[in-house]
Amino acid sequence: MNPRHYFGIALTAAILIVMSFIPETGGLSVSGIRTIGMLLAFLVMLITAPFRVLHICFFFLGLMPVLGVAPTFGAALSGVANPVILFVIASFGISAAFTTLPLSRRILVALLRRFGKNIKLMLLALMTTIVILSGFVSSVPTCAVFMGIALSFLELYENPEDKKRSGRTFMIAVPVATMIGAFMTPIGSTINLLALNELYIHTGLTIPFVQWMAAGVPISIVTLPVAWWIILKVHKPAEISEDMVKNFIEKLEIPKKMTRPEIIALIITGIMMSLWIASSWVSGINIMVVTLLGACVLCIPRLKVLKFDTFASSIGWDSVFLIATVISLGNLMVLNGVSDFIVSALPVLSVPTPILIAFAAALFFALLVFIPVAPSLVVIMSAPLIALAVGAGSSPVLMMLVAAIAGCACFLLPLDTVPLLTYSKGYYSIKDMFISSLPIQIFMIIIMALWLTVIGGVFGLI
């Protein structure tokens, strides 16, 4: 352990002790105060990382009933029983099918042969591939796969300074592109499904698959080139030659003809995609059930697409239990009155819809600086955002779309699970990420305010 780890443990212990002695105050009950304290302690442990994420999650799940945050151990495990958890597990299987087969690399090579004439187009090709796939494959494994591809490309640089300089550009671009693509569809990120789940719990409403895509896809398409341009302006990579691109393509070792397992994987994915879209009109189709069954079909031995052992070993249990613990904390925030307290603290706004959306997006992005675990913030802020929408005479659906899109774009600081993957490689600093990501988020606030207002009018939400 290093000094940061010991500091994290000491600060966590101090928060947990202090919260146990604070009396009811300011409209918050004792259990509400302890819930806030536990959330803060949980975030401190995640940021300082003295232990593995899974270890931290188990520790806090056990502490919830002991410290009176949860009335029972069953209540502490409410996040584990959430249907979103099985979707997360299934998404790792779908990701494994795409990563063990040459599919993702094949798409990248097709783009590189067409656009990879220089480093700028190379980066655009990479980011475009990531955005497309992350709309349908979970963010963490998508980022991990393309981080590996980008790292292998960086090995082509002989000059260490050029490698470091280009590595900063690519290691920032990979998570940013992953998170831009994640809000294109409801199944692109767990955050989206959490937003849908919270919307249904609080209002009984949902957002059909096609309507979600009508909101998310245009924002992704417009944001991608802007993000690419900003990252290039802020972090200029070293130039490359066409020979370097050719060598990189050869290094990927992709079969010339598409294999039978690849074709089967595409067919199964196509069927799943058709069912996801059909769920917009057929109420009996559940996108999480389709994803779970699709992952199972991919593992049928005779199809030779994905071995179940590979599926099982690909599951990121740290991510699974991080989401489960976050959901449990969010549920307890509601149960213990913290969400009601936040609702009472928010102003009642009577403003035009674009301004309301811009305010909600800016608020969510600002809160992500202090609570950099987006799933947790989505659960915590669902009730307040819905109340904000109702108070302004707007639709809760628009507010939950804002929460999901802003939550997916949690790249201002490299503290969320996705950017942490590339940050750990040491190519860039927190400052590097901040100065390139802040303009992107400001642009997203503007585009969300404009486009969600338009799409809200089309679907009768305004």
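Now for a description of the structure that goes with this document. (Residues numbered from 1 in each chain as written. Predicted model: local features only at pLDDT ≥ 70, side-chain atom pairs only at ≥ 80, totals over all residues. Heavy atoms only, no water.)

### Points about the overall build of the protein
Within the protein one finds 22 helices and 0 strands. Over its C-alpha atoms the protein spans a radius of gyration of 22 Å, differing by no more than 12% from the 23 Å that the globule rule assigns to 462 residues. The C-alpha extent of the protein, read off along each of the three principal axes, is 70 × 55 × 50 Å. Relative to its 462 residues, the protein shows a buried fraction of 55%. Taking as baseline every contact in the protein between residues at least 6 positions apart, the subset at least 24 positions apart corresponds to 78%. Summed over all atoms, the accessible surface of the protein reaches about 18,900 Å², with 69% contributed by carbon and sulfur. (Helix = DSSP H or I, 4+ residues; strand = E, 2+ residues; numbered from the N terminus. Rg over C-alpha atoms; globule rule 2.2 N^0.38 Å. Buried < 20%, exposed > 50% of the residue type's maximum accessible area, 1.4 Å probe, protein only. Contact = heavy atoms within 4.5 Å. Areas by Shrake-Rupley, 256 points an atom, 1.4 Å probe, with all protein chains shown as cover.)

### Notes on the packing of aromatic side chains
Enumeration according to the criterion identifies 7 aromatic pairs in this entry. Consider the rings of Phe42 and Phe60, whose centres lie 5.3 Å apart with planes at 70°: the pair is edge-to-face. Pair noted here: Phe42 is in helix 2 (residues 30–48) and Phe60 is in helix 3 (residues 53–66), with a separation of 18 residues, a long-range link. Judged on exposure class, the residue Phe42 and its partner Phe60 are both buried. (Phe/Tyr/Trp six-rings, centres within 6.5 Å; stacked < 30°, edge-to-face > 60°.)

### Some words on the environment of Ile264
With respect to the element layout, Ile264 can be found in helix 13 (residues 260–278). Taking the C-alpha atoms as reference points, Ile264 and Leu298, separated by 34 residues in sequence, lie 8.5 Å from one another. If we skip the residues at most four places from it in the chain, Ile264 touches Leu303 and Val305.

### Points about the pattern of salt bridges
Tallied over the full model, the rule gives 2 salt bridges. Arg52 serves as the salt-bridge partner of Asp318, at 2.8 Å between the closest nitrogen and oxygen. One end of the pair, Asp318, is in helix 16 (residues 317–335); the other, Arg52, is in the loop between helix 2 and helix 3, and 266 residues separate them in sequence. Taking the relative accessible area as the measure of exposure, Arg52 reaches 51% and is therefore exposed. Between Arg106 and Glu262 there is a salt bridge, and its shortest N-O distance comes to 2.9 Å. Taken together, the residues span a long stretch of sequence, with Arg106 in helix 6 (residues 103–115) and Glu262 in helix 13 at a distance of 156 residues. Neither residue differs from the other here; Arg106 and Glu262 are each classed as buried. (Salt bridge = Lys/Arg side-chain N within 4 Å of Asp/Glu carboxyl O.)

### Observations concerning helix 19 (residues 374–391)
Between its first and last C-alpha, helix 19 extends 24 Å over 18 residues, near the 26 Å set by a 1.5 Å rise per residue. In helix 19, a bend of some 50° at Met381 exceeds every other bend along the element, and Pro384, a proline, comes one to four places later. Across the 18 residues that make up helix 19, a large majority, 15, are buried. Among the residues trailing helix 19, Gly393 stands out with phi positive, at a value near 75°. (Expected span 1.5 Å × (residues − 1). Bend = angle between axes of the 7 residues up to and from the residue.)

### As for the packing of helix 19 against helix 20 (residues 396–408)
At a closest axis distance of 9 Å, the pairing of helix 19 and helix 20 adopts a crossing angle of 155°. In terms of orientation, helix 19 and helix 20 fall into the roughly antiparallel class. Pair helix 19 / helix 20 crosses with right-handed handedness. Here Ala374, Val378, Ser382, Leu385, Ile386, Leu388, Ala389 and Val390 of helix 19 come into contact with helix 20, specifically with Pro396, Met399, Met400, Ala403 and Gly407. When the residues that make up the contact of helix 19 with helix 20 are grouped by side-chain class, the tally is 11 nonpolar, 2 polar and no charged. (Axes fitted to C-alpha atoms, helices over the stretch in contact; angles between N-to-C directions. Parallel < 35°, antiparallel > 145°, perpendicular 65-115°, else oblique. Left-handed = near helix turned anticlockwise from the far one by under 90°. Nonpolar A, V, L, I, M, F, W, Y, C, P; charged D, E, K, R; others polar.)

### Focus: the packing of helix 7 (residues 119–134) against helix 8 (residues 139–154)
Axis separation between helix 7 and helix 8 bottoms out at 10 Å; the angle between their running directions is 160°. As far as their axial angle goes, helix 8 and helix 7 are roughly antiparallel. The element helix 7 and its partner helix 8 pack so that their crossing is right-handed. Where helix 7 abuts helix 8, its residues Ile119, Met122, Leu126, Thr129, Ile130, Leu133 and Ser134 lie against Thr142, Phe146, Ile149, Ala150 and Phe153.

Just distances and angles here, no functional claims.
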